Amino acid sequence: VQDEITIRQRLHFSLGARYDINDLRSAPLAPATGEPVKGTFKKLSPKAGVSYRLFSGERPGSTQLSVYAQYSRAFLPPIAAIDPQTVLTSPPSPEDITNYELGMKGSVMGGRLDFDASVFYLNRDGIPIQVRTGGNTFAVTNGGIQKFPGFEAGLNGHVTAELSVWAKYAYYGAKFGDFRFVQGGSDVDFTGNRISLAPRNVFDMGTNIASPRGLGL
């Protein structure tokens, strides 16, 4: 559910919430004697935003500029561990995901050039990890953290009524927060390291060709 609230002509608020119910089941560890692994996870995730139009010309093609801020939360249900007995005796809780974003968007040059830019920070907290409880005994707990600060910007130029070209750039500073776990009986510490396979710089370019008859390329 989401609602858009207009305070003034240039000031807008958005409020929303999402409610998830995840019912997870797996086959029993031993078909003859085992019991299936079950888990039901429920979560209400809020969302809030505000936008303000700094420049808003009444004439077509006039300069436009808006700034906005947004906050949202979400969750991921836990996945089954390699050892089903661990999930059966100590099921991990869902992960909490929090996202903050600040940005602006607008158009200049008589509406021929659109632009947008934003900074964001996404935090995954409570990632299931295996920790040592003493000697060679372990348990799964929600203790892992991943941090994703970043920046995105884009330009979209309207060369003609039928032809437009665009370019986008994004930077992602994906790193582990507090992230310590046990692997093969040894303690492992990923804290502060970059997350593997996470892109650092992303470039994107393209063109759109529109036809008056409704076809596009």
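Residues numbered from 1 in each chain as written. Predicted model: local features only at pLDDT ≥ 70, side-chain atom pairs only at ≥ 80, totals over all residues. Heavy atoms only, no water.

**Describing the overall build of the protein chain**
- Per the secondary structure count, the protein chain includes one helix and 12 strands.
- From first element to last, N terminus to C terminus, the protein chain shows the α and β order β-β-β-β-α-β-β-β-β-β-β-β-β.
- Of all 217 residues assigned to the protein chain, the portion counted as buried reaches 24%.
- Restricting the contact set of the protein chain to residue pairs at least 6 apart, pairs at least 24 apart contribute 53%. (Helix = DSSP H or I, 4+ residues; strand = E, 2+ residues; numbered from the N terminus. Buried < 20%, exposed > 50% of the residue type's maximum accessible area, 1.4 Å probe, protein only. Contact = heavy atoms within 4.5 Å.)

**A short note on the nonpolar core**
- Grouped together as the largest cluster of nonpolar side chains are eight residues: Ile127, Ile129, Ala174, Phe176, Phe179, Phe181, Val188 and Ile195.
- Discounting residues that sit within four places of it in the chain, Ile195 has contacts with Gln146, Phe148, Ala174, Lys175 and Phe176. (Core = buried A, V, L, I, M, F, W, Y, C linked by side-chain atoms within 4.5 Å.)

**Focus: the packing of aromatic side chains**
- Counted under the stated rule, the structure contains eight aromatic pairs.
- Measuring from ring centre to ring centre gives 5.8 Å for Phe120 and Tyr172, while their planes differ by 50°; the resulting arrangement is tilted. Within this pair, whereas Phe120 is found in strand β6 (residues 113–134), its partner Tyr172 is found in strand β8 (residues 163–172), the two being separated by 52 residues in sequence.
- Taken together, a centroid distance of 5.2 Å and an interplanar angle of 45° make the contact between Phe176 and Phe190 tilted. Placement of Phe176 in strand β9 (residues 175–176) and of Phe190 in the loop between β11 (186–189) and β12 (201–209) is noted, with a sequence separation of 14 residues between them.
- Among the residues examined, Phe176 registers a relative accessible area of 11% and is labelled buried.
- Looking at Lys168, its charged tip hangs above the ring of Trp166, at a distance of 5.6 Å from the centre. (Phe/Tyr/Trp six-rings, centres within 6.5 Å; stacked < 30°, edge-to-face > 60°. Lys NZ or Arg CZ within 6 Å of the ring centre and 35° of its normal.)

**Remarks on the pattern of salt bridges**
- Enumeration according to the criterion identifies six salt bridges in this entry.
- Arg180 serves as the salt-bridge partner of Asp178, at 2.1 Å between the closest nitrogen and oxygen.
- Among the residues examined, Asp178 registers a relative accessible area of 38% and is labelled partly exposed.
- Judged by relative accessible area, which is 42%, Arg180 ranks as partly exposed.
- Beyond isolated ion pairs, a larger network of salt bridges with shared partners links Lys43, Arg73 and Asp96. (Salt bridge = Lys/Arg side-chain N within 4 Å of Asp/Glu carboxyl O.)

**Points about the pairing of β6**
- Bridging between strand β5 (residues 95–108) and β6 involves 13 bridges; their strand directions are antiparallel. Residue Gly103 lies in a different strand from β6, and its bridge partner there is Ser118.
- Here β5 hands over to β6 after four residues, with Met109 in that stretch at a positive phi of 55°.
- One ladder, built from 20 bridges, connects β6 with strand β7 (residues 137–158); its direction is antiparallel. From the neighbouring strand, Asp114 faces β7, where its bridge partner is Asn156.
- Between β6 and β7, which pair antiparallel and follow one another directly, the connecting turn spans two residues, one of which, Gly135, has a positive phi of 65°. (Pairing = 2+ DSSP bridges.)

**Some remarks on the pairing of strand β4 (residues 64–76)**
- Both strand β3 (residues 38–56) and β4 contribute to a ladder of nine bridges, which runs antiparallel. Following the sheet pairing, Lys47 is matched in β4 by Ser72.
- Relative to β5, β4 runs antiparallel, the two sharing 13 bridges. What sits directly across from Ala74, in β5, is Ile97.

**Details of the environment of Ser62**
- Following the sequence through the fold, Ser62 ends up in the loop between β3 and β4.
- Spatially, the C-alpha atoms of Ser62 and Val108 are 7.1 Å apart, while their sequence positions differ by 46 residues.

Worth remembering: the numbers are spatial, not functional.
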